[in-house]
Amino acid sequence: MLEDVQSSRIVGLLELALALTPADIARYREAGVLLDELTDCRFGPTPADDHQGRGVGTRAFPLVTQAVRRLGRSRVILWGGVLADNARAIRYYEKNGFRPFGSFVGADGSRSLEMMLDLREVPDRERDPAVPQA
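Residues numbered from 1 in each chain as written. Predicted model: local features only at pLDDT ≥ 70, side-chain atom pairs only at ≥ 80, totals over all residues. Heavy atoms only, no water.

Q: Could you give an account of the nonpolar core, naming the residues involved and the relevant values?
A: Counting 17 residues, the largest nonpolar core has Phe 43, Phe 61, Val 76, Val 82, Tyr 93, Phe 98 and Met 115 as the members making the most contacts within it. Elements supplying a minimum of two residues to this core: strand S3 (40–47), helix H2 (56–70), strand S4 (75–78), helix H3 (87–95) and strand S7 (111–118). It is H3 that provides the largest number of residues to this core, a total of four residues. Beyond its immediate sequence surroundings of up to four residues, Tyr 93 is in contact with Phe 43, Pro 45, Leu 78, Val 82, Phe 98 and Met 115. Core analysis: the next-biggest nonpolar cluster, separate from the first, contains six residues, Leu 20, Tyr 28, Val 33 and Leu 35 among them. (Core = buried A, V, L, I, M, F, W, Y, C linked by side-chain atoms within 4.5 Å. Buried < 20%, exposed > 50% of the residue type's maximum accessible area, 1.4 Å probe, protein only. Helix = DSSP H or I, 4+ residues; strand = E, 2+ residues; numbered from the N terminus. Contact = heavy atoms within 4.5 Å.)

Q: Which residues make up the confidence of the model for the protein, and what values do they have?
A: Mean pLDDT for the protein: 85, with 88% of residues reaching 70 or above. At the level of individual helices and strands, the protein shows its lowest average pLDDT in strand S1 (residues 2–4), which scores 73, and its highest in S4, which scores 96. When the criterion is pLDDT under 50, residues 128–134 qualifies, and its contacts beyond four places in sequence or with other chains add up to five contacts. (pLDDT = per-residue confidence, 0-100.)

Q: How would you sum up H3? Please name residues and give values.
A: What H3 keeps buried is the set Ala 89, Ile 90, Tyr 92 and Tyr 93. Taken end-on, H3 shows its buried residues confined to a sector of 160 degrees, consistent with a single buried face. Of the exposed residues in H3, the ones pointing more than 90 degrees away from its buried face are Arg 91 and Lys 95. In the stretch just after H3, Gly 97 is the one whose phi turns positive, near 95 degrees. (Arc of directions from axis to C-beta.)

Q: Now, about the packing of aromatic side chains: what can you tell me, with residues and values included?
A: Under the counting rule described, the total for this entry stands at seven aromatic pairs. Centroid distance Phe 43 to Phe 98: 6.5 Å. Interplanar angle 20 degrees. Geometry classified as stacked. Here Phe 43 is found in strand S3, whereas its partner Phe 98 is found in the loop between H3 and strand S6 (99–105), with 55 residues between them in sequence. Phe 98 carries the same exposure label as Phe 43, and that label is buried. (Phe/Tyr/Trp six-rings, centres within 6.5 Å; stacked < 30°, edge-to-face > 60°.)

Q: Residue-level account of helix H1 (residues 22–30), with values.
A: Taken together, the buried positions of H1 are occupied by Asp 24, Arg 27 and Tyr 28. Along the axis of H1, the buried residues cluster in a sector spanning 95 degrees; they form a single face. Facing away from the buried surface of H1 by more than 90 degrees, the exposed residues are Pro 22, Arg 29 and Glu 30. Among the structural elements, S3, S4, S6 and S7 are those in contact with the buried residues of H1. Backbone geometry just downstream of H1 places Gly 32 in the positive-phi region, at approximately 90 degrees.

Listed below in structure tokens is the structure:
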């Protein structure tokens, strides 16, 4: 959970799941990517509307990658993808190393993008102090 210290209000949630769903596995297979339960996990941030675009998620994201690495995982997929028309969210994910590689149409008819972060392609700042901090 992300908490605004001054108000003690919960302003967001960062969800990380080690389990992959059969739907995730099938969607990614259709896009030409084989997911691996041993190396892949799912991530889904849910910031409060009034805290989006304020840098909270960007400041918290290194904690997510640190947890992913410590849990022995190397690839992160988005929890349910990201709506294709959500430019702000797509910028956030791309800024944090996610790359789009496919799309799908949800049950409600909306188009979403598949995005993945491969931590094998991203320097581990915790292990290499010579890597500049963001």
